[in-house]
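# Breakdown of the fold
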Amino acid sequence: MSAKTVRLTMGQALIRYLINQHVERDGEQHPFFAGCFGIFGHGCVSGIGQALQQYPKLRYYQTRNEQAMVHASAAYAKMKNRMQTFACLSSIGPGATNMITGAAVATTNHLPVLLLPGDIFARRNVAPVLQQLESETTQDISVSDCFKPVSRYWDRINRADQILTALPEAMRVLTSPAHTGAVTLSLPEDTQTEAYDYPADFFKKRIWTIPRNRADRAALAGAAKWIQGSKRPLIVAGGGVIYSGAEKVLEQFVERTGIPVGVTMAGKGSLLYDNELNLGAIGVTGNFAANLIAREADLVIGIGTRFGDFTSASKTAFQNPDVRFVNINVAEFDAYKHAALPLVADARATLKELIGLLKGYHVRPGYQQEAQKLHKQWQEEVDRIYAIRNEPLPSQGELIGVVNELSEPGAVMINAAGSMPGDLHKLWRTRHSKNFHLEYGYSCMGYEIAGGLGVKMAAPEREVIVMVGDGSYLMLCNEIVTSIQEGYKLTIVLMDNRGFNSIGGLSRSLGQKGFGTRYAFPIKKKLPDDTSKRIKALPVDFAMNARGLGAHVMECQTYDDFVAAFKESKETDRTTVICVRNDRYVGVPGYESWWDVPVAEVSEIESVRKARKQWEKDRKRERYFF
Ligand SMILES: Cc1ncc(C[n+]2csc(CCOP(=O)(O)OP(=O)(O)O)c2C)c(N)n1
Ligand SMILES: [Mg+2]
């Protein structure tokens, strides 16, 4: 340890530190930060802003909206299996609070992002500064405190020397497979510019090794016993399989044992769609193959899954009275869910060890054949939906078929909210583990285009297809500009069904007739629902909007138009938006599943009362696991 020091502002020291952080896993090593997104304001321009100008090695990228830059960073990190991400810089006040939704996305999905909101003066004498939320009860609070519940680590840097202890903590959390998510360091605008004599050693290259933790030996032996004793085991493969890089080992595990697999939203791609033991999507948006096998399973092996309600079908998916769970998860919290035998460990390492322990074990041939038959029947159902030629407007299912079949083998498809996640979860044929990129932990409208940008930055050689609903597009489309500014071409498929197809359908299923879910003018001061005959559409011109942001745009009405446009989009040199209308009512059905959305207990509306009765009946299937 040398006694040498370097005099730097806190902003400069922070950026220099970030440049020198590296990660390593399985012998592969690279810098942890790919760059810094930011939008300058008085709360950061002269501090971190000045440091970024001085140290271009951490490349600065301008974005249009702070929420979007956090989405882009999270998507980048997801694409990189959490081995690399961005820092996100904002000013104080609205710039900072714009990042809160992005932080929640990152934390819910366990994706690392480093958030650097500017904060009010630590010195306080000039308060209230522009955009300061004042408190009458304390001077020790600002809007940055709102990040606390959505951050896995949160700190405020009131003195320049505090980063000496804060930054290593931030890195520990960001690189922890179990705890990663949004990390927030709130940076008072004056402190950013203040100088300190930092120890030179603070800026040495530091390598953070991402561990592959092993399970407790006794628990592992216990799990092998449970598997050997089970008659109808089922694997539920979650995102952890992919983050761990366990796809090949999972394939081997399945081949050796004959255990079928259902995939969650984040886990789709962990096993390729054409593997005969891949039953496909499980849960609320699952198919009959996975859901029928789940219903009778006597042992569920959860790998890298949080068992969200979409996976557990609101705790109705597993109906075998004797069902037990073995959960392989890096996070203790998730490993213990459903009263499981917990293997708190890395998925790849654990599956390898289990293969060794299960030598000679295989499910009964009859069970394997049953699973294979269901897999085949499901593929036939996908073929049927891909082949629908609805008129005059195409159905969403057939359009998904076009994108799936005409996209490049290495393409990445991005989506997050609306009716598409469910349809895609069921219908998308996943040809490699990064093919299907769904943000469905937070299901945040507006993630799609910003997320697409992050994915393309992580994998510029790949075709990146953003599937976005008209509602999500209107919420956050501006990163089209950034994609053009930086030369990252996205193919954006904009599904225009004049409003909220998803919530419209949900509303109808709850007896509420789609109230408030259509994009249409009010009639006699009341917004029309799905029973209204006369609908006056809003004069929104998506094509003109996208063109106005600089995109190449193609408009289609029919299935054939769409096929032609999608093919043509491969030849364009910049972000291309394909606007296509689709039918609000021709949806992909649900298959053997249920989702708990509560219905009003009393109502003046007959259809709501009816829906409530049905809900009360269905809810009885929800289970506790003790
Ligand atoms: C930020 C945000 N607000 C609200 C919701 C609730 N929500 C889920 S889907 C949806 C409608 C999405 O509309 P659109 O993008 O057009 O997709 P569609 O449902 O028509 O397929 C809404 C409002 C959400 N997921 N995210
Ligand atoms: Mg819509």
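Everything discussed here concerns the structure shown above.
Residues numbered from 1 in each chain as written. Chains lettered and ligands numbered in written order. Predicted model: local features only at pLDDT ≥ 70, side-chain atom pairs only at ≥ 80, totals over all residues. Heavy atoms only, no water.

### Structural notes on the side chain of Asp298
Counted only if it meets this: Helix and strand definitions follow DSSP, with helices as H or I runs of at least four residues and strands as E runs of at least two, each counted in order from the N terminus. Buried, partly exposed and exposed residues are distinguished by accessible area as a fraction of the type maximum, computed with a 1.4 Å probe on protein chains only: under 20%, between the cut-offs, and over 50%, respectively. Under this rule, positive means Lys or Arg and negative means Asp or Glu; His and the chain ends count for nothing. Salt bridges are identified by distance alone: a Lys or Arg side-chain nitrogen within 4 Å of an Asp or Glu carboxyl oxygen. Polar contact is the term for a pair of N or O atoms within 3.5 Å; when the atoms are in protein, one must be able to donate a hydrogen and the other to accept it, and sequence-neighboring residues count only if both atoms are side-chain atoms. Only heavy atoms matter for contacts: two residues are in contact if any of them lie within 4.5 Å across the pair.
Its place among the elements puts Asp298 in the loop between α11 (288-296) and β15 (299-303). In this structure, Asp298 is buried with no salt-bridge partner, the nearest side chain bearing the opposite charge being Lys231 at 6.1 Å. For Asp298, the side chain forms a polar contact with the main-chain nitrogen of Lys231, separated by 2.7 Å. When residues no more than four places from it in sequence are discounted, the contact partners of Asp298 are Ser230, Lys231, Arg232, Pro233, Asn320, Asp322, Val323 and Arg324.

### Examining the sheet that holds strand β8 (residues 153-156)
What counts here: A pair of strands is labelled paired if DSSP reports no fewer than 2 bridges between them. Lines fitted to C-alpha atoms define the axes here, with helix axes fitted over just the stretch in contact, and angles between the N-to-C directions of these axes take values from 0 to 180 degrees.
One open sheet holds the six strands; their spatial order is β5-β4-β6-β7-β9-β8, and the pairing between them is parallel. Taken across any chain shown, the strands that pair with only one partner, and hence form the sheet edges, are β5 (60-62) and β8. Strand-to-strand, the axes of this sheet are offset by a mean angle of 20°, without reference to chain direction. The strands touched by helix α3 (residues 66-79) within the sheet are β4 (33-38), β6 (85-90) and β7 (113-119), with β6 carrying the most contacts at an inclination of about 170°.

### Here's the deal with the sheet that holds β15
Taken together, the six strands give an open sheet; going across it, the order is β14-β13-β12-β15-β16-β17, and neighbouring strands pair in parallel fashion. Either end of the sheet is taken by a strand with one partner, and the two such strands are β14 (278-281) and β17 (341-344). Across the sheet, the mean angle from the axis of one strand to that of its neighbour is 20°, orientation sign disregarded. Here three bridges tie strand β13 (residues 261-263) to β14, and the two strands are oriented parallel to one another. Along β14, the bridge assignment pairs Val261 with Asn278. Strands in contact with α11 are β12 (233-237), β13 and β14; relative to β14, the strand with the most contacts, it is inclined by about 105°. In the packing of helix α14 (residues 347-357) onto the sheet, contacts are made with β15, β16 (324-329) and β17, and the angle to β16 comes to roughly 125°.

### A closer look at the site of ligand 1
Our working definition: Proximity criterion: a residue is near a molecule or strand once any of its heavy atoms comes within 4 Å of it. All accessibility values rest on the Shrake-Rupley procedure with a 1.4 Å probe; residue burial counts only the protein chains present in the view.
Neighbouring ligand 1 are 15 residues; Ser419, Asp470, Gly471, Asn501 and Ser502 lie closest to it. Interatomic distance of 2.8 Å between a backbone N/O atom of Ser443 and a nitrogen atom of ligand 1. Interatomic distance of 3.0 Å between a side-chain N/O atom of Asn497 and an oxygen atom of ligand 1. Contact with the protein chains removes 77% of the 580 Å² of surface that ligand 1 exposes when unbound. Taken together, the elements giving at least two residues each to the shell around ligand 1 come down to α19 (470-475) and α21 (501-509). At four residues, α19 tops the list of elements feeding residues into the shell around ligand 1.

### Observations concerning the coordination of the magnesium ion (ligand 2)
The condition that has to hold: Only N, O and S atoms count as donors, using a 2.8 Å limit from the metal and a wider 3.2 Å limit for Na, K and Ca, and since water is excluded some coordination spheres may look unfilled.
Protein-derived coordination of the magnesium ion (ligand 2) comes from Asp470 (OD), Asn497 (OD1) and Gly499 (O), at a distance range of 2.0 to 2.1 Å. Along the chain, the residues donating to the magnesium ion (ligand 2) are arranged with the sequence spacing D-x26-N-x1-G. Placement of the pair is Asp470 in helix α19 and Gly499 in the loop between β21 (491-496) and α21, with a sequence separation of 29 residues. The burial state of Asp470 is the same as that of Gly499; both residues are buried.

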